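These are the residues of each chain, in order.
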Amino acid sequence: MKRISVTSLLYWCPLHLDYLDQFPLETTGAADQIGSAVHDLIYRMLSGDGTGFFDTEEDVAWSVFLEKFPGAQVGPLARQVIDELLAVAKAAKRIAETLPLVAYEEKFEHNFGFENVKVVGIADAMGENVLLDWKTGSFPTDSHRQQVKVYATMLWRLGKLRLPASLSVVYLGTVPKGDEPLVRTFTIDESEAVTVESFVQRFLSDYLSNPAKPRISDHCLFCPYGRWCKRTVRDSDRGSAVRQLWEMQEKAYLLQKQIAPGFTEGIHVMEEFIVEKKGDYLRVRRKW
Ligand code: SF4
C-alpha cells in the first residue's frame, strides 16, 4: 500500500514519489521546525487540546516551544521566538473566530478509487463548508491553491465537507513584519471537484504504471531529491529532452550561484523581479 501525502502529490512527479517511498526524508530545517511549532500552537489555542485549567496562551506557547526545540534554554533569544509564535498564533485565532469552524487538524485519507494507494492530508481548520490552511510563509503560490482544492475534493468524497465551499489559505509570514495575515480565498463546487478528482486519478494511474518517471517543473527547484534525481535522469535513457532540460537547469544553477550570495534566505520583492532564495536555490521571476 502506498501512502502519499497531498503535499508530496503536488510535485506531480512520479520519480519524486518513488524517492519518497524508498528514501523518506525528514526535513528538519529551522523554517520547518518553526512552521510545525506555529501549527501546533494554533491548534492548541483553537481547540483547547493540551491546555491545563490555569494555562495562559503564553504558557501554552512555552510548552510548544520546549517540545519543538528540545534542549532550548529560557533566555532573551528564546523570548523573541515565543513572542513571534504568540503574535502569529493570535493573528490566526482572530481570523478563525470569524468563521464557523468545528474541527482542527483533521486527518483524512482517500484512495481515489485505487486499491493500493492512500492519499493522506490534514485540514488545519474546517467547518461544514469552509476550509482553512495556515502557511507560515507570506508568498502565495499556485501549489497552495491546488493543495486546498485537492483537500476539499477528498473531504467532499468522504462526506466531511459540503460543496460549494470556501477555501482560504492564510499567510501568517506577514505577521512578524508587523502586518496582518494575507488571506487568499477560493471557492470550489461539485463540478470543479470532479475535475480535480479526474486529474488526480489520471496522475495516480500514470504513476502506478510508470514509476520512476521524472517530471521536470518549477517544483524541481525545491525538491529535496534533486541531487540524486539529476544522476538518475542522466544515467537513464529517457530521451534527450529531459537531459537537455537538466543541463539548462544546471547552467542556470551555476549562474544563480554567482548572484546568490547577494541575497539572504527568503523572498525579495524587487521593482521588476521576485527573487526567492531557499537553501542553495535562487529563483528569479518577473513580477508581471
Ligand atoms: S527534482 Fe524534479 S524531476 Fe527530480 S524527483 Fe524532484 S520533482 Fe521529480
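The coordinates are above.
Summary of the structure given here. What you are looking at is a predicted structure, and each value in this text was computed from that prediction instead of being measured.

Analysis parameters
- Residues numbered from 1 in each chain as written.
- Predicted model: local features only at pLDDT ≥ 70, side-chain atom pairs only at ≥ 80, totals over all residues.
- Heavy atoms only, no water.
- Helix = DSSP H or I, 4+ residues; strand = E, 2+ residues; numbered from the N terminus.
- Expected span 1.5 Å × (residues − 1).
- Buried < 20%, exposed > 50% of the residue type's maximum accessible area, 1.4 Å probe, protein only.
- Contact = heavy atoms within 4.5 Å.
- Phe/Tyr/Trp six-rings, centres within 6.5 Å; stacked < 30°, edge-to-face > 60°.
- Salt bridge = Lys/Arg side-chain N within 4 Å of Asp/Glu carboxyl O.

Another point: helix α5 (residues 76–96). Over its 21 residues, α5 extends 30 Å from the first C-alpha to the last, a length consistent with the 30 Å expected when each residue adds 1.5 Å. For α5, the full list of buried residues reads Ala-78, Ile-82, Leu-85, Leu-86, Val-88, Ala-89, Ala-91, Ala-92, Ile-95 and Ala-96. Where α5 is buried, its residues contact α3 (30–47), α4 (57–68), β4 (130–135), β5 (165–171) and β6 (182–188).

The geometry of an aromatic ring pair comes down to the distance between the two centres and the angle between the two planes. Per the stated rule, a full pass over the model turns up ten aromatic pairs. Ring centres 4.9 Å apart and planes at 90° place the aromatic pair Trp-12 and Phe-199 in the edge-to-face group. Taken as a pair, Trp-12 in the loop between α1 (6–9) and α2 (14–22) and Phe-199 in helix α7 (residues 190–209) lie far apart in primary sequence, 187 residues in all. According to the relative accessible area criterion, Phe-199 is partly exposed, its value standing at 43%. Here the aromatic rings of Trp-62 and Phe-65 are separated by 5.9 Å at their centres, their planes lie at 85°, and the arrangement is edge-to-face. Taken as a pair, Trp-62 and Phe-65 lie in helix α4 at a separation of three residues, close to a single helical turn. Grouping residues by exposure puts Trp-62 and Phe-65 together as buried. Through pairs of rings, three or more aromatic residues link up here, namely Trp-12, Phe-199, Phe-203 and Tyr-207.

We now examine the pattern of salt bridges. Applying the stated criterion across every chain, the model contains 16 salt bridges. The partner of Glu-67 in a salt bridge is Arg-44, with the nearest N and O atoms 2.9 Å apart. On the criterion of sequence distance, the pair formed by Glu-67 in helix α4 and Arg-44 in helix α3 is long-range, its members being 23 residues apart. According to the relative accessible area criterion, Glu-67 is partly exposed, its value standing at 47%. For Lys-93, the salt bridge goes to Glu-57, with nearest N and O atoms at 2.7 Å. Linking Lys-93 in helix α5 with Glu-57 in helix α4, this pair joins segments that are 36 residues apart in sequence. Under the relative-accessibility criterion, Glu-57 is labelled partly exposed at 26%. One connected set of salt bridges, linked through shared partners, spans Asp-40, Arg-44, Glu-67 and Lys-68.

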